[in-house]
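# Report on the structure
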Amino acid sequence: SSGINAEYGANKAMSRYNIDKVHIFNTYQCYLKGTPSNLIYDMDKSITCGYKIGAKLVRGAYMEQERLRAENLGYEDPIYPSKSLTNSCYHNMIEVLLKQVEVKQAEVMVASHNEFSVQYAVERMRQYNIHPHTGGIYFGQLLGMCDQVTFLLGAGGYSSYKYVPYGPVEAVLPYLSRRAYENKGMLQGSQKEIDLLKGELKRRCWGMRA
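Everything numeric in this text was worked out from a predicted model, so none of it was measured.

Procedures and definitions
Residues numbered from 1 in each chain as written. Predicted model: local features only at pLDDT ≥ 70, side-chain atom pairs only at ≥ 80, totals over all residues. Heavy atoms only, no water. Helix = DSSP H or I, 4+ residues; strand = E, 2+ residues; numbered from the N terminus. Expected span 1.5 Å × (residues − 1). Buried < 20%, exposed > 50% of the residue type's maximum accessible area, 1.4 Å probe, protein only. Arc of directions from axis to C-beta. Contact = heavy atoms within 4.5 Å. pLDDT = per-residue confidence, 0-100. Axes fitted to C-alpha atoms, helices over the stretch in contact; angles between N-to-C directions. Parallel < 35°, antiparallel > 145°, perpendicular 65-115°, else oblique. Nonpolar A, V, L, I, M, F, W, Y, C, P; charged D, E, K, R; others polar. Pairing = 2+ DSSP bridges. Right-handed = clockwise from strand over helix to strand, strands pointing away. Salt bridge = Lys/Arg side-chain N within 4 Å of Asp/Glu carboxyl O. Left-handed = near helix turned anticlockwise from the far one by under 90°. Phe/Tyr/Trp six-rings, centres within 6.5 Å; stacked < 30°, edge-to-face > 60°. Lys NZ or Arg CZ within 6 Å of the ring centre and 35° of its normal.

Now for helix α5 (residues 115–127). Here α5 spans 18 Å end to end across 13 residues, near enough to the 18 Å set by a 1.5 Å rise per residue. Those residues of α5 lying buried are S117, V118, A121, V122, R124 and M125. Each buried residue of α5 lies within a common arc of 165° when the element is viewed along its axis, so the set occupies one face. Seen from the buried face of α5, the exposed residues on the opposite side, beyond 90 degrees, are F116, Q119 and R126. Summarising the contacts, the buried residues of α5 are in contact with α4 (83–102), β3 (106–111), β4 (137–142) and α6 (147–155).

Next up, the structure:
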């Protein structure tokens, strides 16, 4: 499948370009039951072959497509049956990777709009004494989603990024719709962002406290 080919290509590129520093990241979708074993395999291979692993952790937003494919091809549903299990997988993978980051064997992009997951990663970084500037941990959110999280991370000295999808409209809109579906809770957090922006506007313009 294209997913397997892409993963193989990413691992092959990492083995070539991630010798001294991480330049290539592979994406791990934590709503897939096979992700923990795949990540462990990739980490073991990177250690054996002498390169560093780059891991971008996402929850994933291809649930309908994955389940339809499984049904059509007659194999077991690859998706965790509940959101809580997906969350547990995501946090467990953060834990596993931080241990590799601590020994300079990996770098991680925590690509999440979930505030609890971001807080979890930050807290675990503190416990592992991983410095925000040099630790090899990065945070990423889609432009326009959870901007208050990105701002607070940046203000705290963490490596925080906004990513912008681009391409033909017919390709970008389905991508954005999947992100919106994945982050339905974000819509409930929109009012929080609006309140924060209003408060900041008042502070800057009139020196008023929100």
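Mapped onto the elements of the fold, D147 is located in helix α6. With 34 residues separating them in the primary sequence, D147 and H113 have C-alpha atoms 9.2 Å apart.

Here we come to the confidence of the model for the protein. With 81% of its residues at a pLDDT of 70 or more, the protein shows a mean pLDDT of 84. Model confidence for the protein, summarised as mean pLDDT per element, is weakest for helix α8 (residues 184–188) at 54 and strongest for β3 at 96.

The next thing to look at is the packing of helix α2 (residues 35–49) against α4. Interaxial distance between α2 and α4 falls to 11 Å at its minimum, and their mutual angle equals 10°. Taken as axis vectors, α2 and α4 run roughly parallel relative to one another. Between α2 and α4, the residues in contact are P36, L39, I40, M43 and I47 and C89, M93, V96, L97 and Q100, respectively. Its residues placed into classes, the contact of α2 with α4 shows nine nonpolar, one polar and no charged.

This next bit is on the pairing of strand β5 (residues 159–163). Both β4 and β5 contribute to a ladder of five bridges, which runs parallel. Across the sheet, F139 pairs through a bridge with S160, a residue of β5. For the crossover from β4 across α6 to β5, the handedness is right-handed.

Under the definition given, this model contains five salt bridges. A salt bridge links D147 to K162, with the nearest nitrogen and oxygen atoms 2.6 Å apart. With D147 in helix α6 and K162 in strand β5, this pair connects stretches of sequence that are 15 residues apart.

Turning to the packing of α4 against α5, a few remarks are in order. Interaxial distance between α4 and α5 falls to 11 Å at its minimum, and their mutual angle equals 25°. For the element pair α4 / α5, the angle class is roughly parallel. Pair α4 / α5 crosses with right-handed handedness. The segment α4 lies against α5, with Y90, H91, I94, E95 and L98 engaging F116, S117, Y120, A121, R124 and M125. Here the contact of α4 with α5 is composed, by residue class, of seven nonpolar, two polar and two charged.

A ring pair, where both rings are aromatic, is described by two values, the distance of the centres and the angle of the planes. Taken as a whole, this structure holds three aromatic pairs when the rule is applied. With centroids separated by 6.3 Å and ring planes inclined at 75°, the aromatic side chains of F25 and Y138 adopt a geometry described as edge-to-face. In this pair, F25 is assigned in the loop between α1 (2–17) and β1 (26–29) and Y138 in strand β4, connecting sequence segments 113 residues apart. With relative accessibility at 30%, the residue F25 sits in the partly exposed group. Judged by centre distance (6.0 Å) and plane angle (85°), the ring pair of F139 and Y158 falls under edge-to-face. Placement of F139 in strand β4 and of Y158 in the loop between α6 and β5 is noted, with a sequence separation of 19 residues between them. Take F139: its relative accessible area is 0%, and that puts it in the buried class. Residue Y158 is classed as buried on the basis of its relative accessible area of 14%. Through pairs of rings, three or more aromatic residues link up here, namely F25, Y138 and Y161. Sitting above the plane of the Y163 ring, K56 keeps its charged end 5.6 Å from the centroid. Taking NZ or CZ as reference, R59 lies 4.4 Å from the ring centre of Y90, over its face.

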